[in-house]
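Here is what each chain is made of, one letter per residue.
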Amino acid sequence: MTANIKLNGIMLMHETRSTPSPLNGSKISDRFISFQWPLPESFRNPEMSGKKIQKSSLKYKLRYSKDKNFPSKCTFTVDTIWPFYNPETPLEKGTWYWQYGYIESPDKIE
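Residues numbered from 1 in each chain as written. Predicted model: local features only at pLDDT ≥ 70, side-chain atom pairs only at ≥ 80, totals over all residues. Heavy atoms only, no water.

Details of the nonpolar core
Core analysis: the largest hydrophobic core is formed by 12 residues, namely I33, F35, W37, L39, L58, Y60, L62, Y64, V78, Y85, L91 and W98. Top contributing element to this core by residue count: strand β2 (residues 58–65), with 4 residues. The residues contacting W37, other than those within four sequence positions of it, are R17, P20, Y60, L62, T80, W82, P83, F84, Y85, W98, Y100 and Y102. (Core = buried A, V, L, I, M, F, W, Y, C linked by side-chain atoms within 4.5 Å. Buried < 20%, exposed > 50% of the residue type's maximum accessible area, 1.4 Å probe, protein only. Helix = DSSP H or I, 4+ residues; strand = E, 2+ residues; numbered from the N terminus. Contact = heavy atoms within 4.5 Å.)

Some remarks on the pattern of salt bridges
Within this structure, the stated rule accounts for 2 salt bridges. One salt bridge connects D79 with K61, and the closest N-O pair in it is separated by 2.7 Å. Remark: K61 occurs in strand β2 and D79 occurs in strand β3 (residues 75–80); sequence separation between them is 18 residues. Classification of D79 as exposed rests on a relative accessible area of 55%. (Salt bridge = Lys/Arg side-chain N within 4 Å of Asp/Glu carboxyl O.)

A word on the side chain of T75
With respect to the helices, strands and loops of the structure, T75 is situated in strand β3. For T75, a relative accessible area of 16% corresponds to the buried category. Side-chain polar atoms of T75 contact the backbone oxygen of F70, separated by 3.4 Å. At 2.6 Å, the side chain of T75 forms a polar contact with the backbone oxygen of P71. In contact with T75, other than residues within four places in its own chain, are R63, Y64, S65 and F70. (Polar contact = N/O pair within 3.5 Å; in protein donor to acceptor, adjacent residues only side chain to side chain.)

Shape is all these values report; function is a separate question.
Put into C-alpha cells, the structure is as follows:
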C-alpha cells in the first residue's frame, strides 16, 4: 500500500499564512526555530483595499527575548523584508517571547 500526498502549491506560499508560527503557548523542542507571520490583510487581499500594492514595499520588524517585557539589554531585534526569520544560532533552552510588526512604505502604495 502506498500513500500519496498532493500539495497545492498556493497553500505553501507565505501569502496564504493566516497565523503566526510558533503559536502563542507552543512548546517547541527544536531550538532551530523559524519565526513566521502572515502578510497584512490588505496585502493578502489587495482587491479589498482598491489600491495597487507592491509587496516589496513592506518591511517587518521582529523582536524576541527570554523576558516577556523585552528589555533592550537581552532582546534580539531584526529588520527584514521577508515574512519570516530564522535566527543564525539555535535558541537557548527555555521560554521565549516574540513579536512582529509591519512597516509599510507609503510611497509604494498607490
